[in-house]
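Topology and contacts: notes
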Amino acid sequence: MGNKQTIFTDEQLDAYQDCTFFTRKEILRLHGRYHELAPHLVPMDYTNEPDCKVPLSLIVNMPELKENPFRNRIVESFSEGGDGNLSFNEFVDMFSVLSEMAPRELKAIYAFKIYDFNVDNFLCKEDLEKTLNRLTKEELTPEEVELVCDKTIEEADLDGDNKLSFADFENMISRAPDFLSTFHIRI
Amino acid sequence: MSQDSLDSLVTSENDIDIRLDVDDEYEQERQSGRRRKRRRRSGDKKEKKKKHQRRRSSSSARDGREERQTKKRESSKKQREKHFKERTTERNEEEAQTSSVKATKTNKNINNEKTRKTKTAERETEKRNEKKMDKSPKTIERKESEGKNTDKSKERKKHKKVQNSSDEEKTKEESEEDKEEQEELDKEQEEVRSECLSPEELEKLKEAVDERKKLIQSLRVKPWPMKKKLVSLRESQEFVEKYEGALGKGKGRKIYAYKVIMTKKWMKFERDFENFKTTLIPWEMKIKEIESHFGSSVASYFIFLRWMYGINMILFCLTFGLVMVPEALMGRPYGSIPRKTVPRAEEASAMDFAVLWDFGGYAQYSVLFYGFYNNQRAIGWLKFRMPLSYFLVGVGTVAYSYMVVIRTMARNANESGIGDDNSFNFSWKMFTSWDYLIGNTETADNKFASITTSFKEAILEEQESRKDDNIHLTRFLRVLANFLVLCCLAGSGYLIYFVVRRSQKFALDGLENHTWWERNEVNMVMSLLGMFCPMLFDVISTLENYHPRVALQWQLGRIFALFLGNLYTFIIALMDEINLKRKEEMIVKYNITTWENSFNGTVSENSTATPISLHPADVPRGPCWETMVGQEFVRLIISDTMTTYITLLIGDFLRAVLVRFLNHCWCWDLEAGFPSYSEFDVSGNVLGLIFNQGMIWMGAFYAPCLPALNLLRLHISMYLQCWAVMCCNVPQERVFKASGSNNFYMAMLLVILFLSTLPAIYTIVTIPPSFDCGPFSGKNRMFDVIHETLESDFPVWFSKVFSYASNPGLVLPFILLMVLAIYYLQSTSKNYKEANVKLKKKLQMQNEENKKKNKRAALKAQMDLEEARKASSQQKHVSPRRHQDVNEIHCSRQRHYYSKNGRNPAPPVGDRSLRRSAPRTYQHVNPGPPGYLPGLPRQSETRMHRVPSLQRH
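Residues numbered from 1 in each chain as written. Chains lettered and ligands numbered in written order. Predicted model: local features only at pLDDT ≥ 70, side-chain atom pairs only at ≥ 80, totals over all residues. Heavy atoms only, no water.

The name an unreviewed UniProt entry assigns to chain A is Calcium and integrin-binding family member 2, from the organism Gouania willdenowi.

**With respect to the state of the cysteines**
All names here are of chain B. For the record, the criterion: Our working definition of a disulfide is a cysteine sulfur pair at a distance within 2.5 Å. The helix count covers DSSP runs of H or I at least four residues long, the strand count covers runs of E at least two residues long, and both are numbered beginning at the N terminus.
Summed over all chains, the structure comprises one disulfide over all chains. Through a disulfide, cysteine 624 is tied to cysteine 773; the S-S separation comes to 1.9 Å. Around the S-S axis, the bridge from cysteine 624 to cysteine 773 shows a dihedral of about 95 degrees and counts as right-handed. Here the residue cysteine 624 occupies a position in the loop between helix H22 (548-606) and helix H23 (625-662), and cysteine 773 occupies one in the loop between helix H26 (739-766) and helix H27 (784-793), the gap between them amounting to 149 residues.

**Overview of the interface of chain B and chain A**
Condition: Whether two residues are in contact is decided by their heavy atoms, any of which lying within 4.5 Å being enough. Buried area is understood as the total, over both parts, of accessible area removed when two parts are fitted together, assessed with a 1.4 Å probe. Any carboxyl oxygen of Asp or Glu that lies within 4 Å of a side-chain nitrogen of Lys or Arg is treated as forming a salt bridge with it. Contacts described as polar in this section are N or O atom pairs within 3.5 Å, which, within protein, must combine one atom able to donate a hydrogen with one able to accept it, while residues neighboring in sequence count only if both atoms come from side chains. Residues are grouped as follows: Ala, Val, Leu, Ile, Met, Phe, Trp, Tyr, Cys and Pro are nonpolar; Asp, Glu, Lys and Arg are charged; all remaining types, including Gly, are polar.
Contacts between the two partners involve 73 residues from chain B and, on the opposite side, 82 residues from chain A. A combined buried area of about 7100 Å² lies between chain B and chain A, and 60% of that area is made up of carbon and sulfur atoms. Among the residues chain B hides against chain A, the three largest losses belong to Met430(B), Phe431(B) and Tyr436(B). Together they make up 13% of the total. Inspection of the chain B/chain A interface yields two salt bridges. A salt bridge links Asp445(B) to Lys137(A); the nearest nitrogen and oxygen atoms lie 3.1 Å apart. Taken together, the connections running from chain B to chain A amount to ten residue pairs in polar contact (both at pLDDT 80 or more). The element best represented in the side of chain B that touches chain A is helix H18 (residues 441-463) of chain B, accounting for eleven residues. Looking at the side of chain B that touches chain A, its residues break down into 34 nonpolar, 19 polar and 20 charged.

**Considerations on the pattern of salt bridges**
Residues and elements named next belong to chain A. Stated precisely, the cut-off is as follows: Only protein chains enter the accessibility calculation, which uses a 1.4 Å probe; a residue whose area is less than 20% of its type maximum is buried, one above 50% is exposed, and one in between is partly exposed.
The final tally for this structure, using the stated rule, is 19 salt bridges over all chains. Taking the shortest distance from any N to any O, the salt bridge between arginine 24 and aspartate 10 comes out at 3.2 Å. On the criterion of sequence distance, the pair formed by arginine 24 in helix H3 (residues 24-37) and aspartate 10 in helix H2 (residues 10-19) is long-range, its members being 14 residues apart. What makes aspartate 10 partly exposed here is its relative accessible area of 36%.

**Looking at the packing of helix H7 (residues 104-115) of chain A against helix H10 (residues 166-173) of chain A**
Residue and element names in this part refer to chain A. Under the convention used in this document: Angles run from 0 to 180 degrees between N-to-C directions of axes, and those axes are lines fitted to C-alpha atoms, restricted for helices to the stretch in contact. Relative orientations are named as follows: roughly parallel for angles under 35 degrees, roughly antiparallel for angles over 145 degrees, roughly perpendicular for angles from 65 to 115 degrees, and oblique for any other angle. In this scheme, a crossing is called left-handed if the near helix is turned counterclockwise away from the far one by less than a right angle; it is called right-handed if the turn is clockwise.
Where H7 meets H10, the axes come as close as 10 Å, and the angle between the chain directions of the two elements is 125 degrees. The orientation of H7 relative to H10 falls into the category oblique. For the pair H7 and H10, the crossing hand works out as right-handed. Every residue of H10 that contacts H7 at Arg104, Ala108, Ile109, Ala111, Phe112 and Tyr115 is listed here: Phe166, Phe169 and Ile173. For the contact of H7 with H10, the per-class residue count stands at eight nonpolar, no polar and one charged.

Put into C-alpha cells, the structure is as follows:
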C-alpha cells in the first residue's frame, strides 16, 4: 500500500472517482488486476497516462469473466474500436457499469450493446438466437430456439418491426425483477 | 438551458459515435473518415467554443487571454457562407486533395485547441497548414477537423453520399451539429463573463456554472467511454474553477467564494468519508469470492448473516453500554448483598468448569443475568437510574429491531418493484437469467442446465401440452405428504414437552446426580430435531412432485412451522417451570418473614441494636425465576451453536474429506455417486439464523449477555461457514434467484420477531418480579419503574398530564382514531392498486394498438418506397451534380424532421434521385423510426435549441 501514490496522482484518482462508481481503493485494486493481466504490457506507473491496451484474449480469461457466455461481447462493447482490446480507462469503465451502484438505465444501455451481436443497434432474430444458444450451450432444438425467439420478439417488440430497438429493450428490461441483481460483476 | 437538454445532447452524441463506428465498416474511405471524426470528437468542444466565440466576435472585445497562436480576423457570416458553398462545389470536383483545399478555405482555422481568438489573415493560416502537413499526417487531420463544423459535416455528407451510405448518417450529423451549437451556447456564456457582467449575464453564467457542476456530479451515470468522461470532467472542472470565483460582487462575492470553498471541502470530506465507510464494511472480499464461486443465492446468505451481525452489534452496544457496564462499574460489588453472592451451598462447585459451562455458579451471579442487578434506584456518582435503564433498554431492543426489519422490508419491496407482471416471460428469461457474478465452472454448468430447463418448461407451458399424469394419484400423495409432515410436527412437539417435563423432575432431584445427557436433554433434543426433521421433510416432499420453486417454499414453510412449534412448546414448558418457581418463592418468602419476625423479636429483647450480621452467602433467598429463564435461553443458544458447528464439521468437512480420500480405494465413484459432496443449504441456514435471532429477542431481557454471545457466534460462523463453503461444498444444482426470496426471509424474520416478543412482553406485564433479585425486586410489576420515575424524577405537572393522558377516556378515542386512519389508508391503497392494474391494462392495449398501427404504417411506407423507386428510375441522369449539393442539405434536414415523427414517409423526390446508386436496402429493412438508441428520441429538444442560435447570427 506504500506505493499508492506512484500509480496514480491524486487528481487522477479523484477524476476516476468522479467518473465511476468506485472508491479510491477499488480503483487501485482494479489497476492491480489490470496489471496482473499483462505485466509486461501494463506499466505500474500511470501518472503520465500511458497508452497501452490489453488484448481481448487476456481479459476474457479473468475469473470474473471466464465463465460468462457473453464475455467476448462484454469486452467488445466496452472497447473503443469494438475489437475487444481495452485500455485501462475502458477497463475501469466496464467494471463501473457492471458494478452494483450503477443505475438501471446505464446498465440497460450496455446490456443492449452486449446482446447486439452484429452491432446494428437492433436486437434482431439472429442476435436472439446467438444469445439463446450461448445461454443454453446449444441444447435446445432449432425449433425450440425459433419458438423462443419469436415469443421474445412478440412480447417485447412495440413498434412491430420484428426486431427489438433500444426503446423496446429498455421498456422490457426496466420491469425485469432480476436484471439489477444479475447484471453485475463484483471485483 | 436545462440540464436535461444538455444530457440529451450528450447522449445523442454518444449514439452517433456508435453509429458512426458501425457504418464506417461499410465505407470505403473508412480509415480517414473515422479518424477525422474521432479526432474531432475528442477536441470538438473546445473548437466549438472557439468557433462560436468568433461568431460573436464583433460584439465583444478581445482580452487575448489564452492566445498562443497567430490570429485571424473573422469575416462576416454571410461571407463565410459564401465561402462555404463555393468550397463545397469545388470539393466535388477535386475530391482527391480535399484536405489541403479545405484548409485553405477555412475561415477560422485553428491549429491549436487553446487558440481562442484569431486575427491574422488567411494567408498565414494557409502557410501554417502547409507546414503542419509536412510534419505529420495526423496534424492535417486535426486541422481539418478543426475546420468549420458545418463545412466538415457537409463535406462528410458528400462523401457518404457518394459512397452510398444511408441517410441516417446525415441525421446523425445534424444532431451532432445541434450538439455543437449547444456547446457553443455554453461557451458563449463563459465568454460574456470576461468583459462586463450585467446582472442577466451573471445569472446566465451562474446557471452555466451550476450546470457544469451538475454535469460533474452526474458524469458517472453517463454512458460515455471513459476517455470522454475524463476530458469533459477536466473541462468542466476548469470551467467551474475559472468562473465561479467571479460570480457575485462586493459582499456577495466574498460570501459566494466562501461558500464555494466550503462546498469543495465538504465534497472532499464526503468522498473521504465514503472511502472510509466502504473500507469498514466487513468481509466484503470474502463474500465476493463466494459470490463468484456459487452465484448470488449462496452469497445472499452471507450478506444476510452480515446484516444480522450489524443488528446484533447495535443490540449489544445498547445492553453492554447502558446496562452491563454501569452495573459492573457503579453498582455494588460482588459479595455485598445476597443477590450478588453465590449461596453457601453452591460455593464449593461454583468455579467448576462444568457448572460455568451451564452458566451456573459465578456466571449465574454476575452481570450476565437478570438476578444480579440491584433495585437501587440510582447508582454511582452519576446517579444512574439503573432499573429504569434496564427496562428501557429491554423495550428499546425490541423497538429498534422492529424498526430495522420493517424498514429493510420496505426498501426491498421498493427495489423489487412490480414483479407479478408476466408479460415478458421469455424476454426476461433471455436477458436476465444469466447471473453475471458466476465465476466458477461448476456453478456455470449448473446455471446453464437450469436455464435450459427453465426454457424448456416455459416452452411446454407455452404449448399447453402439459400432460397431467393421473391427477388423483398426485393429489393423494400430496395429502399423504402433508399428513406425514403434520405427524412429524406433532411428534416433535410432544417429544420436547416430554423432555422438558422430565428435566424439571431432574432439576427437582438436583442436577448433580444425573448424567451430562440428562442435564442437557432439552437442548440436545431440540437441536437434533432441528437437524433431522428438515431432512425428513425433504424426503417426504419428493412424494409431492411439485415444481422445485414451489417445493422449496413448502419446505421452508414446514421447517418454519417445526421450529416455531418447538420454540413454543419450549416456552410453554418454561411457563410451567416459572409457575413452579413462583410457588417455591412464595414458600421461601413466607419462611423468611416468619424467620425475620422471630429474629426481630429476639433483637428487640436484647435491645442492643447490633443485629447479627449474616454473611450474604448464608441469607436464604428465592429461586429467582427470571435468571432461570435467562439461563435456559443461554444454554439453548450455546447448544444450538455447538450443533451447528459440529454438523458443519462432520456433515460437510468430514464428508468431503472422506469422499476425496477414500475415492481412490472404493468400489464406486464417491464423488459422483452416493455421498458426494454436500451442497450449501441456503434456506436451511437462513432459517436457522432467523430462529437463533428469535431466541435472542426472547431471552435478551432476562439475560443481558445474550446479544454479546450471539455476536460471538455470528462472528465465528461467518469465518467457519465461509471456509466450509469454499473448501467442502459444491455449488447447488438447483440455482434459485435470491432477489425474490429476500423479502420472504425478511417477512419470516418479522413474524419471528413478533412471536418472540409476545411471550417476553407477556411475562413482563403479567408476572410480578421476584422479591429478592433483579432491578425490579420489590415492585408489583416490572413496568412500575416508569411510574416511579414519573413521580419522583419529573415535575408534578408532568405526571399529572401523563395520568390524564393515560386515562381511558383519552386513550380509547385515540385508538379509535388510529383504527380509522389505518382503515382509510388501507382503502386508499386498495384503490391505488386497482388504478394501477387498470393503467397497466390500458398500457398493454395501447401497445398492441401501436403494434398494429406500426405494421400498417410500415406496409404503407414500403409501398410508397416502391413507387418512389420506380419514379426515380425514370428520373435517372436528370439532376445535375451541383444541384444535388444544395438539395441534399435540405433533404437531410427534412428527413430528420420526418424521422422524428415516428414514421418514415417517402423521402422527397430530389433526394431520392440523388441516392439512386444506393442499394436502398436500408429503408426497406427499417421503416421504423430511427430512434434506435437512447438519446435519439430526444432529438427534438436539440433541434429547438438550434433555431435561436441560428437566428442570432
